Amino acid sequence: MNEKRIRLPLTRETARTLRAGETVLLTGSIYTGRDAAHKRLIQLLDEGKPLPIDVKDQVIYYVGPAPASPGHAVGSAGPTTSYRMDSYAPRLIELGLTGMIGKGKRNQAVIDAMKRYGAVYFGAVGGAAALIARRIKKSEVVCYEDLGSEAIHRFEIEDFPAIVLIDSEGGNLYETGPAAYRAEIEDEAQ
Amino acid sequence: MREIPSSVIREAAVRLIYEASYRIGPDIEAAIRAGIGRERSAAARGVLEQIAESYEIARAESVAICQDTGMAVFFFEIGQEVHIIGPFEEAVNDAVREAYRDGYLRKSVVAEPMFERVNTGDNTPAVIHMRLVPGDRIHILFTPKGFGSENMSRIRMFPPAAGVEGMKRFVIETVAEAGPNPCPPVIVGVGVGGTFEQAALTAKRMTARPVGSHNADPRYAALEDELLAAINRLGVGPAGIGGATTALAVNIDYRPTHIAGMPVAVNMCCHCARHAETTL
Ligand code: SF4
């Protein structure tokens, strides 16, 4: 496969060049966050307070890794289902977040925000968690340590395998991929 | 009467947790590899290759196949001639506590579901299902369950008139609507009949039936094949990005039910359908 190599941080300009269906290898640093951390971030915004992380040009990986065993930076670390972050994501995209990594469908509000501001939704392969963990070279807690595995971490990643699921023009591999397969088998049946 | 100390149950449970969490079943791994040959798109093949490679890494390094190491679900079949010495549930929960801590498995359980949602910190309590059977042995099946796929599961209380067609439509619809969320390729556990809770429990038990096996009743076996083919025509594909391999298996079982009903439960399970069993 010919993957596109991308260096992070991810600017809006670069984000806008990516197209649904492209396979990429990401290198650089990313943040992690799941439901509980997102809830806290949005609460801060609601109170008019600053965020503990600057999300501009950043990528958030929806993940709650397993504990690291000796000799590893992280334990197994595949994506969690993204829709649980849908009610929070548009606010962060508005603030400059350019990428999200997860798995599963997103709602229209997220897609609209991605189109408006220029952001990408990447997919990592659910259940390929041991392989993905090998591409994470360093991990440190940034904030919300009390949340354990759900704390916001900064990961240093190298050649992290991902697929562009939804692009900044609304192109959606979850729609076009299955439709293309169905069209192919229908053609053959005729 | 055969005496089995609860410590023996605890030790067996610890071993099962490690085995299930690090080593995918050969039936599932073979089905994933077979899928690679069937996919036409490089991206779909790439997904299956990543999954197969990840299984290998997990096994070689004794790390979790998936970071969501699930709620710890156990099915016990206890021979009625067994006398367990010592507290049974405590032994099982101790096993969970020990294995999830020492095995670097994620703790994913909150004590109360609506108000505080505070993590119990040790992945307890286990979910324990039990049946008393003849004999003097104990059979343990451990089948941890992640919630990416658990959340996509459904149950419906059909009227009998819904029949086979109603059941088929419901199963296919459930998989189609789940789409990429439950980490396809999936294993679809289906329980038909019984009561509300029995249908669900039967469906759960079916997620641990080996890929490639069939129901002993030829009518149900034929339904399994038919539904698997129909689901794989949906095109959801590996990781939901489009392709031939949406499900690896549809495993169906039934229970006697009431004259007025036909419950159908669909328990969705990801390709990481982890399970391990032993007999004491
Ligand atoms: S659904 Fe299964 S493979 Fe996907 S994240 Fe959850 S446990 Fe892992």
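Throughout, residues of each chain are indexed from 1 in the direction in which the sequence is written. Ligands are numbered from 1 and chains lettered from A, in the order in which they are written. Per-residue local features are limited, in this predicted model, to residues with pLDDT of at least 70; the limit for side-chain atom pairs, both in listing and counting, is 80 or more; totals at the level of whole chains, interfaces and linings are taken over all residues. Excluded from the side-chain calculation are hydrogens and water; included are all heavy atoms of the structure.

A. Structural view of empty space enclosed by the protein. For each structure, a 1 Å grid was placed over the protein atoms alone; sets of points admitting a 1.4 Å probe that cannot get out are labelled cavities, open sets with protein on both sides within 12 Å along at least five of seven lines are labelled pockets, and lining residues have an atom within 4 Å of a point. Grid points are joined across faces, edges and corners, and a volume is the space filled by probe spheres set on the points. Across all of its chains, the model carries four cavities of 30 Å³ or more by this definition. Approximately 80 Å³ is the volume found for the largest cavity. In terms of lining residues, the largest cavity is bounded by 14 residues, among which Lys 103, Ala 124, Val 125 and Tyr 174 of chain A together with Ala 239 of chain B are the most central. In the lining of the largest cavity, the residues fall into nine nonpolar, four polar and one charged. Considering only enclosed or pocket space, the second largest cavity measures out at about 50 Å³ in volume. Lining the second largest cavity are Ala 66, Pro 67, Ser 69, Gly 75 and Ser 76 of chain A together with Tyr 22, Ser 62, Val 63, Ala 64, Gly 103 and Tyr 104 of chain B. The residue classification treats Ala, Val, Leu, Ile, Met, Phe, Trp, Tyr, Cys and Pro as nonpolar and Asp, Glu, Lys and Arg as charged. All others, Gly included, are polar. Tallied by class, the residues present in the lining of the second largest cavity amount to six nonpolar, five polar and no charged.

B. Summary view of the domain arrangement of chain B. Residues and elements named next belong to chain B. Domain start and end points were adopted from an automatic or database domain assignment. Along its sequence, chain B is organised into domain 1 (2-21 + 65-145) and domain 2 (148-272). Contact between two residues is taken to exist if any of their heavy atoms lie within 4.5 Å; hydrogens are not considered. Counting residues at the interface gives nine residues for domain 1, matched by eleven residues for domain 2. Summed over both partners, the accessible area lost on bringing two parts together, with a 1.4 Å probe, is the buried area. Each partner contributes to the roughly 730 Å² buried at the junction of domain 1 and domain 2, and carbon and sulfur atoms together form 72% of this total. Summed over the three residues of domain 1 that lose the most area to domain 2, namely Phe 75, Leu 141 and Lys 145, the buried surface amounts to 63% of that side. Counted as salt bridges are all cases of a side-chain nitrogen of Lys or Arg within 4 Å of a carboxyl oxygen of Asp or Glu. At the boundary of domain 1 and domain 2, one finds one salt bridge. Residues Glu 150 and Lys 145 are paired through a salt bridge, measuring 2.9 Å at the closest nitrogen-oxygen approach. N or O atoms within 3.5 Å of each other form a polar contact, as long as, within protein, one can give a hydrogen and the other can take it, and as long as residues adjacent in sequence are counted only when both atoms are side-chain atoms. Linking domain 1 with domain 2 are three residue pairs in polar contact (both at pLDDT 80 or more). Taken together, the residues of the side of domain 1 that touches domain 2 sort by class into five nonpolar, two polar and two charged.

C. Representation of the packing of helix 1 (residues 6-22) of chain B against helix 4 (residues 88-102) of chain B in the model. Residues and elements named next belong to chain B. At a minimum axis distance of 8 Å, the contact between helix 1 and helix 4 shows a crossing angle of 35 degrees. Crossing handedness for the pair helix 1 and helix 4: right-handed. The segment helix 1 lies against helix 4, with Ser 6, Ile 9, Arg 10, Ala 13, Val 14, Ile 17 and Tyr 18 engaging Phe 88, Ala 91, Val 92, Asp 94, Ala 95, Val 96, Glu 98, Ala 99, Tyr 100 and Asp 102. Class assignment of the residues belonging to the contact of helix 1 with helix 4 gives a composition of twelve nonpolar, one polar and four charged. Orientation is described by axes fitted as lines to C-alpha atoms, over the contacting stretch for helices, and by angles from 0 to 180 degrees between their N-to-C directions. Where helices and strands are cited, they refer to DSSP runs of H or I of at least four residues and of E of at least two residues respectively, numbered from the N terminus. The crossing is said to be left-handed when, going from far helix to near helix, the turn is anticlockwise and less than a right angle, and right-handed when the turn is clockwise.

D. A look at the nonpolar core. By nonpolar core is meant a set of buried Ala, Val, Leu, Ile, Met, Phe, Trp, Tyr and Cys residues that side-chain atoms within 4.5 Å join together. Three exposure classes are used, based on accessible area relative to the maximum for each residue type with a 1.4 Å probe and protein chains only: buried under 20%, partly exposed in between, and exposed over 50%. Formed by 88 residues in total, the largest nonpolar core has its most connected members in Leu 26 and Phe 122 of chain A. Of the residues forming this core, the biggest block, nine residues, is contributed by strand 7 (residues 152-166) of chain A. Each residue touching Leu 26 of chain A, except ones within four places of it in the same chain, is listed here: Ile 6, Leu 8, Ile 101, Phe 122, Ile 157, Glu 158, Asp 159, Phe 160 and Ala 162 of chain A. Ala 12, Val 14, Phe 74 and Ala 99 of chain B belong to the second largest nonpolar core, which has 28 residues in total.

E. Region of the structure containing the interface of chain A and chain B. Between chain A and chain B, the contact holds 40 residues from the first and 43 residues from the second. Between chain A and chain B, the buried area comes to about 3300 Å², and carbon and sulfur atoms account for 59% of it. Counting the contacts that link chain A with chain B gives three salt bridges. Remark: the boundary between chain A and chain B carries 16 residue pairs in polar contact (both at pLDDT 80 or more). Among the secondary structure elements, those contributing two or more residues to the side of chain A that touches chain B are helix 5 (129-134), strand 7 and helix 6 (173-189) of chain A. For the side of chain A that touches chain B, the leading source of residues is helix 6 of chain A, giving nine residues.

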